[in-house]
Amino acid sequence: MFGYVKPPLQALPQEETERFRRIYCGLCHTLGHRYGTAARFILNYDFTYLAILLSGVEEGESRSARCFASPVRRREYLVSDGAMELAADESVILAYWQLRDGVEDHDWLHGLKYRGLSAVLEPAYRKAAKLCPGFDESTRTQLRLLSDLEKENCASMDRAADAFAVLLGAAAREVDDPIRQRVLEQILYHLGRWVYLVDAADDLKKDAASGNYNPVALRFGLTDGIWTAEARREFAATLDHSIHMMATAFELWDFGVWTPILETTFYTGLFHVGKAVLDGTFRTARCGEDRKKSKNVEEST
Amino acid sequence: MNDPYQVLGVSENASDEEIKKAYRELARKYHPDNYHDNPLADLAQEKMKEINAAYEEITKMRSGSKSGGGSYGGGYGSAYGGYRGGSSGGYQQYSGQSASGSSVLQQVRVAINTGNLSRAEALLANYSDHNAEWNFLRGAVCYRRGWMDEAKRYYQTACQMDPSNPEYRQALEYMENGTRSAYRPNGGQFGTELCGGNPCLTLCCLWTLCNGGGYWFCC
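The structure presented is a predicted model; accordingly, all values stated were derived computationally and were not measured. (Residues numbered from 1 in each chain as written. Chains lettered and ligands numbered in written order. Predicted model: local features only at pLDDT ≥ 70, side-chain atom pairs only at ≥ 80, totals over all residues. Heavy atoms only, no water.)

**A look at the overall build of chain B**
Stated precisely, the cut-off is as follows: Working definition: helices are DSSP H or I runs of at least four residues, strands are E runs of at least two. Numbering for both runs from the N terminus. Throughout, exposure labels follow a simple rule: accessible area from a 1.4 Å probe, protein chains only, divided by the maximum for the residue type, with under 20% read as buried, over 50% as exposed, and the rest as partly exposed. Contacts are residue-level and defined by heavy atoms, with any inter-residue pair within 4.5 Å sufficient.
Tallying secondary structure elements over chain B gives eleven helices and zero strands in all. The buried share of chain B, taken over its 219 residues, is 49%. The long-range share in chain B, meaning contacts at least 24 apart out of those at least 6 apart in sequence, stands at 55%.

Have a look at this one:
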C-alpha cells in the first residue's frame, strides 16, 4: 500500500530536496531513539509526508551524524520534536498493522515473512499503541472493515477506499487547532483514498492473474487487467477529484517552510505517479538499472 | 487586521502591477469556483474576504497618496467584486427550492448546507421515492464525504431521470470535467492524464528514474 506518495525531486530546487532529506533522516533517527534499530526499517516517504504535515511552519534544529545507511558521509538530520514523535508513533502502528494484514492475507508458508517481521516490530508496536491508543483503535477498526469488504467482494471502490482513507485521516486527530485539524483530515483522507485506488490500479494485472480482490477491476468490469479507454478516463477523473481536494485543503493552512515540497507533490508529483501507474510504467521505473542512474545523479549533486 | 501587504504576499514597495498580479493569483486560488461543494469552502470564503479587504485597502491607500490611483477600481476590483459577499459560495448551492416540492428533500438540502451529512443521509435513507432529486442529493452527500465515484453515478442517474434539469446537469458536468479548470500555480493544467506535455514529460522521466524506493537517500 505504501510507496506511491513521493516528492518529485527533480522538480524541486536543491534546497528543498535537502530539506526533505533532513526530515526523512530525522524521522529515521526518531524511530531509532524511540523504538530501537529494528523500527528504523519501516521508514518510507509516506511516513515522511506524515511528519511534514504534522510539523510546524519553521524547520527545527538539525544535527549531523553517520548512520548505517550512510556510514561514511555525515548526514544532516532534523532533531525530533513533538510532530516527528507523533509521526513516528503513528508510523509504527501503521507499519505493524500492515504486516499483520499480510499475515492474514497469506497462507502459513507465504505469511512467514510477515509473521517474522511483525514479531520483530511487536515491542515497538506495543509502546506506540500505548502512546496513541485512539489511533491504534481506529487503525484496527478500519483494517477490519477493509478486510470484511474484501471478503464480501465489495464492488464499490469508494467504500473500500473510504476504509483506508478514514484510517489515514485519523492521524490528524491528535492536532489541537480545529481549523488545522479539518485541513489535515481532508488532506489525509484524500491521500488515503488516492493511495488505495492507485495501489489497486497498480495491481490490476497481478490480481487478474491471481483472482485476488481488486475494487477497481470490479468497478469497471476489467477482467483481464487491461484498461478500456472509457474506464481509464473515468478513473483518472476520480483520482483528480481527490487530488483537487488535497490541493484545496493544502492552500488553507500555512505549512511554512514545507510549502514548496507539499505544493509540488500535490500539483505535480501525484499526477505523475498516477499517470505512470495507468501507463504501467511505474513498477518498471522503480527497479533494475535505473538504480544505477539514480546513483549517478546522486554523485553529481 | 493583518498587514494588507502581508496578506497579498508582496512588499510595501511593490509596484501597482505586481500587487494586481499577486491579488489575481490569490483570487484565482481561493475563488468559490475552486471550492465548489468543498467541505472547506467556508474557510476559503474567509480567505477570499481577507484578500479582497487587503487589496481594497492598498488600493485606497495608494489612490489617496497619488492622483492617478483611479485606475484600480476599474480593472480588477469589479471583476472579482461579485464574490465579496460570498453569494456564490459552495454551501449556498442547495438552498434553492426543492424541485419536487418535497419537504423532506428540502430538509436534506438544509442538512447538506449546514454540513450535517449524517442527518442528510438518514433522511434520504427513509425517503422511499427515489426520484431524480433524491439521486441528485445522494450524489451531493457522497461528494462531500469524498466518495467521488458514487457521487458521479448518482448524478448520472439524476440526469437520466430528469435530463432537462440544469442543476443536475451542472453537477454531472463538474464531476466529469470540473477539475480541469482547477487552480494550479503558474497556470498549468490540472489532471493526471494532462501531464503528458513536453516539460512535464521530461520531468516525469527524470524523476521516475531517480527514485529507487528510498535508494536515493542512502547512497
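Moving on from the model shown.
**A short note on the overall build of chain A**
Put simply, the test is: Restricting the calculation to C-alpha atoms gives the radius of gyration, and the globule rule supplies 2.2 Å times the number of residues raised to the power 0.38. All accessible areas in this document rest on Shrake-Rupley with a 1.4 Å probe, and a residue is counted as covered only by the protein chains that are shown. Only four residue types enter the charge count, namely Lys and Arg as positive and Asp and Glu as negative; His and the chain termini do not. By convention, charge coordinates are those of NZ in Lys, CZ in Arg, CG in Asp, or CD in Glu.
Helix and strand counts for chain A come out as twelve helices and two strands. Computed over the C-alpha atoms, the radius of gyration of chain A is 19 Å, within 12% of the 19 Å expected from 2.2 N^0.38 for a compact globule of 301 residues. Here the C-alpha coordinates of chain A stretch approximately 55 × 45 × 40 Å along the principal axes. Considering chain A as a whole, with its 301 residues, one finds that 59% of them fall into the buried category. Counting only contacts in chain A whose residues sit at least 6 apart along the sequence, the fraction spanning at least 24 positions is 70%. Accessible area of chain A: about 12,600 Å², with a carbon and sulfur share of 52%. The distance from the centre of the 37 positive side-chain charges to the centre of the 44 negative ones in chain A is 6 Å.

**Some details on the nonpolar core**
What counts here: Here, nonpolar core refers to any group of buried Ala, Val, Leu, Ile, Met, Phe, Trp, Tyr and Cys residues whose side-chain atoms link them within 4.5 Å.
Formed by 123 residues in total, the largest nonpolar core has its most connected members in W194(A), W227(A), F235(A), F255(A), L262(A) and L8(B). When residues no more than four places from it in sequence are discounted, the contact partners of L8(B) are I19(B), A22(B), Y23(B), L26(B), I51(B), A54(B), Y55(B) and I58(B).

**A look at the confidence of the model for chain A**
The cut-off we apply is this: Values of pLDDT, the confidence the predictor places in each residue, fall between 0 and 100.
Mean pLDDT over chain A stands at 88; residues scoring 70 or higher make up 94%. For the stretch residues 287-301 of chain A, pLDDT sits under 50, and the model shows 19 contacts to residues farther than four places along the chain or on other chains.

**Concerning helix α1 (residues 14-35) of chain A**
Which entries qualify depends on this criterion: Each residue after the first adds 1.5 Å to the expected span of a helix.
Its 22 residues place the ends of α1(A) 31 Å apart at the C-alpha level, agreeing with the 32 Å of an ideal helix rising 1.5 Å per residue. Looking one or two residues past α1(A), G36(A) carries a phi angle of roughly 90°, positive in sign.

**Focus on the environment of H36(B)**
With respect to the helices and strands, the residue H36(B) is situated in the loop between α2 (16-30) and α3 (41-65). Along the primary structure H36(B) and S63(B) are separated by 27 residues, whereas in three dimensions their C-alpha atoms are 34 Å apart.

**Let's talk about the packing of aromatic side chains**
All names here are of chain A. Where we set the bar: For this analysis, a ring pair means two rings from Phe, Tyr or Trp (six-membered ring only for Trp) whose centres lie within 6.5 Å, classed as stacked if their planes differ by under 30 degrees, edge-to-face if by over 60, and tilted for the remaining angles. We call a charge positioned above a ring when the Lys NZ or Arg CZ atom is no farther than 6 Å from the ring centre and deviates by at most 35 degrees from the ring normal.
Applying the stated criterion across every chain, the model contains 21 aromatic pairs over all chains. Look at F20 and Y45: their rings are 5.7 Å apart centre to centre, the planes differ by 75°, and that puts the pair in the edge-to-face class. In this pair, F20 is assigned in helix α1 and Y45 in helix α2 (residues 45-54), connecting sequence segments 25 residues apart. Overall, the relative accessible area of 5% leaves Y45 in the buried class. In textbook terms, an aromatic cluster arises when at least three aromatic residues are bridged by ring pairs, as seen for F20, Y24, Y45 and Y49. Just above the ring of Y35 sits the side chain of K127; from NZ or CZ to the centre is 5.2 Å.

**Let's talk about helix α6 (residues 157-169) of chain A**
For α6(A), spanning 13 residues, the distance from its first C-alpha to its last is 18 Å, which sits close to the expected 18 Å at 1.5 Å a residue. Counting buried positions along α6(A) yields eleven of 13 residues, so the element is predominantly enclosed. Here α6(A) has its buried residues at M157(A), D158(A), A160(A), A161(A), D162(A), A163(A), F164(A), A165(A), L167(A), L168(A) and G169(A). On its buried face, α6(A) sits against α3 (82-105), α5 (133-151), α7 (178-202), α9 (215-220) and α10 (229-250) of chain A together with α8 (148-161) of chain B.

**Brief notes about the pattern of salt bridges**
Residues and elements named next belong to chain A. Using the following cut-off: Between Lys or Arg on one side and Asp or Glu on the other, a salt bridge is scored when a side-chain nitrogen of the former is within 4 Å of a carboxyl oxygen of the latter.
Counting across every chain of the model gives 28 salt bridges over all chains. Between R19 and E15 there is a salt bridge, and its shortest N-O distance comes to 3.6 Å. Of this pair, R19 and E15 both sit in helix α1, four residues apart, which is roughly one turn of that helix. E61 serves as the salt-bridge partner of R63, at 3.5 Å between the closest nitrogen and oxygen. Look at the salt bridges and you will find they share partners, linking E15, E16, R19, R22 and E59 into a network.

**Looking at unusual backbone geometry**
You will see that N153(A), though not glycine, has its phi angle at about 55°, which is positive. Secondary-structure assignment places N153(A) in the loop between α5 and α6. The phi torsion at D37(B) lies on the positive side, around 60°, for a residue other than glycine. Counting through the fold element by element, D37(B) comes out in the loop between α2 and α3.

**Concerning the state of the cysteines**
The bond known as a disulfide is covalent and runs between the sulfur atoms of two cysteines. The test is simple: Count a disulfide wherever a pair of cysteine sulfur atoms falls within 2.5 Å.
Under the defined criterion, the tally for this structure stands at zero disulfides over all chains. Distance from the sulfur of C28(A), which forms no disulfide, to the nearest cysteine sulfur (C67(A)) is 6.2 Å. C142(B) supplies the cysteine sulfur nearest to C154(A), a cysteine that is in no disulfide, at a spacing of 13 Å. Residue C154(A) is classed as buried on the basis of its relative accessible area of 8%.

**Some thoughts on the confidence of the model for chain B**
Residues and elements named next belong to chain B. Averaged over every residue, the pLDDT of chain B is 78; residues scoring 70 or more account for 72%. Of the regions scoring below 50 in pLDDT, residues 67-93 engages in 45 contacts with residues more than four places distant in sequence or in other chains. This model gives residues 197-219 a pLDDT under 50, and the stretch forms 52 contacts once residues within four places in sequence are excluded. Here the prediction assigns the complex a pTM of 0.86, and the interface score ipTM is 0.85.

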